[in-house]
Amino acid sequence: MMLPYANLQNDIPVLLAPMSGVTDAPFRKQAIRFGAKVAITEMVAGEELTQGHKEAETRLTRPTALNGCHVVQLVGRTADPLRRAAHIASESGADVIDINMGCPSRRVTGGLSGSALMRDLDHAESLIAAVHEGAGKTPVTLKMRLGWDRENLCAPELTVRAQKIGVSLITIHGRTRQDFYNGEADWSAVRASTRAANVPVIVNGDIVDAATAREALARSEAKGVMIGRAATGLPWLIDKVSSDLNGRPFAEPDLETQIDSLLAQTADSIALYGNRVGIRVVRKHVSAAFDYWLQTGRLRSDAVSLKPVLCQAGSLEDLTSAFTNLRSQTLDMVA
Ligand SMILES: Cc1cc2nc3c(=O)[nH]c(=O)nc-3n(C[C@H](O)[C@H](O)[C@H](O)COP(=O)(O)O)c2cc1C
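Residues numbered from 1 in each chain as written. Predicted model: local features only at pLDDT ≥ 70, side-chain atom pairs only at ≥ 80, totals over all residues. Heavy atoms only, no water.

Explain the site of the ligand here, please?
Close to the ligand lie 16 residues, the nearest being Pro18, Ser20, Asn204, Asp206 and Arg229. Here an oxygen atom of the ligand and a side-chain polar atom of lysine 143 are 2.9 Å apart. Within the backbone of aspartate 206, a nitrogen or oxygen atom sits 2.7 Å from an oxygen atom of the ligand. Its free accessible area being 610 Å², the ligand has 87% of it covered by the protein chains. The cavity that encloses the ligand is the largest pocket. Taken together, the residues of the shell around the ligand break down into six nonpolar, seven polar and three charged. (Near = heavy atom within 4 Å. Polar contact = N/O pair within 3.5 Å; in protein donor to acceptor, adjacent residues only side chain to side chain. Areas by Shrake-Rupley, 256 points an atom, 1.4 Å probe, with all protein chains shown as cover. 1 Å grid on protein atoms, 1.4 Å probe; cavity = no way out; pocket = protein on both sides within 12 Å on 5 of 7 lines; lining within 4 Å. Sits in = over half its atoms within 2 Å of the grid points. Nonpolar A, V, L, I, M, F, W, Y, C, P; charged D, E, K, R; others polar.)

The structure is reproduced here in structure tokens:
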């Protein structure tokens, strides 16, 4: 089974999940810098892209210095704008176009897109066909959930319909739309789709390290894994899990390197969105990274008092001096 990612043919794929507000271009650039091979944009509303909305165009951005595979994810509910959006994405340099049929948000499903499409497979099929047509030679992939609810686990049927149209890879989050993010992802339930598929299936949901990745692969019989929330603040996690699964050595970046990466991401974020939004967007990464350093003993537990200063920094200068402070005050706190 060929993967649509030219640079990943011989590996068990470990993909960074698209997460709106989290995996923007500045973060994806860091993930690639630390070895991720594939970077998927946050979902881009197809209709807005065709109308030239600034946010949609910003999301289309290919991170600078990107030598990984650039995947643009589209979401929408009407065929014609999606067809045109796929054409725009393809012309803008997307290596692959992904379709979002998994988003559970009421804002998205209320507009009958995202996972709402799992309630109307004929309509879903017509949208996939439209994207496939608009994408031209650019490969098209699909991301979905198990179904709308437990009574309607239609992922295997949508898998078969999608691959007939020409979709070349399918990612399945092991929850239904009605599960939202509750409970645990059901990796075994992905297996029915894996067995129905003649294209690679990627399993997603609650994978946080190599051990959970292995278990998800075993239960789902999928070809690879996708990791989302666990990678927040840890752009090197994709390469860590990938190295483990593919039998390569891995050295986690030291604290200094991780701090430098967060500052570089902040500078890019401010350049992309302006200071106010730019600094706000990186806070969740700073917070998650700090928690990880504490949990893993990279910082001693009494360093916790410095977290609010880092998370409330209002500019790149503030954040830089908060990290300088962290370094000088915590030399003996660094394990
Ligand atoms: C804040 C947030 C934003 C998300 N945005 C998107 C999105 O834009 N497109 C998409 O397909 N999935 C999106 N997702 C779903 C994730 O890609 C993934 O399927 C889900 O988080 C389960 O994987 P995880 O347990 O590894 O996080 C989002 C999830 C979160 C938490």
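Next comes the rest of the account.
What's the story with helix H10 (residues 237-245) in this structure? I'm lost.
An α-helix turns once per 3.6 residues; consequently, residues spaced three or four apart project the same way. In terms of residue burial, H10 counts as a mostly covered element, since seven of its nine residues are buried. A positive backbone phi angle near 70 degrees is found at glycine 247, which sits one or two residues after H10. (Buried < 20%, exposed > 50% of the residue type's maximum accessible area, 1.4 Å probe, protein only. Helix = DSSP H or I, 4+ residues; strand = E, 2+ residues; numbered from the N terminus.)

In this structure, what is going on with the nonpolar core? I would like to understand it.
Note that soluble globular proteins tend to have their nonpolar side chains buried in a common cluster. Counting 80 residues, the largest nonpolar core has Met101, Leu142, Trp293 and Phe323 as the members making the most contacts within it. Among the elements that take part in this core, helix H6 (residues 121-135) stands out by supplying six residues, more than any other. Domain assignment of the residues forming this core places at least three in each of domain 1 (6-245) and domain 2 (255-329). Setting aside its immediate chain neighbours within four residues, phenylalanine 323 contacts Ile259, Leu262, Leu263, Val286, Trp293 and Leu310. With 13 residues, the next largest nonpolar core counts Tyr5, Cys69, Val96 and Ile202 among its residues. (Core = buried A, V, L, I, M, F, W, Y, C linked by side-chain atoms within 4.5 Å. Domains from an automatic or database assignment. Contact = heavy atoms within 4.5 Å.)

Looking at this structure, how should I read the packing of aromatic side chains?
Given two aromatic rings, their pairing is described by the distance between the two centres and the angle made by the two planes. The full count for this structure, using the stated rule, is four aromatic pairs. Through pairs of rings, three or more aromatic residues link up here, namely Trp236, Phe250 and Tyr292. In this structure, arginine 145 is placed above the aromatic ring of tyrosine 181, and the distance from its NZ or CZ to the ring centre is 5.1 Å. (Phe/Tyr/Trp six-rings, centres within 6.5 Å; stacked < 30°, edge-to-face > 60°. Lys NZ or Arg CZ within 6 Å of the ring centre and 35° of its normal.)

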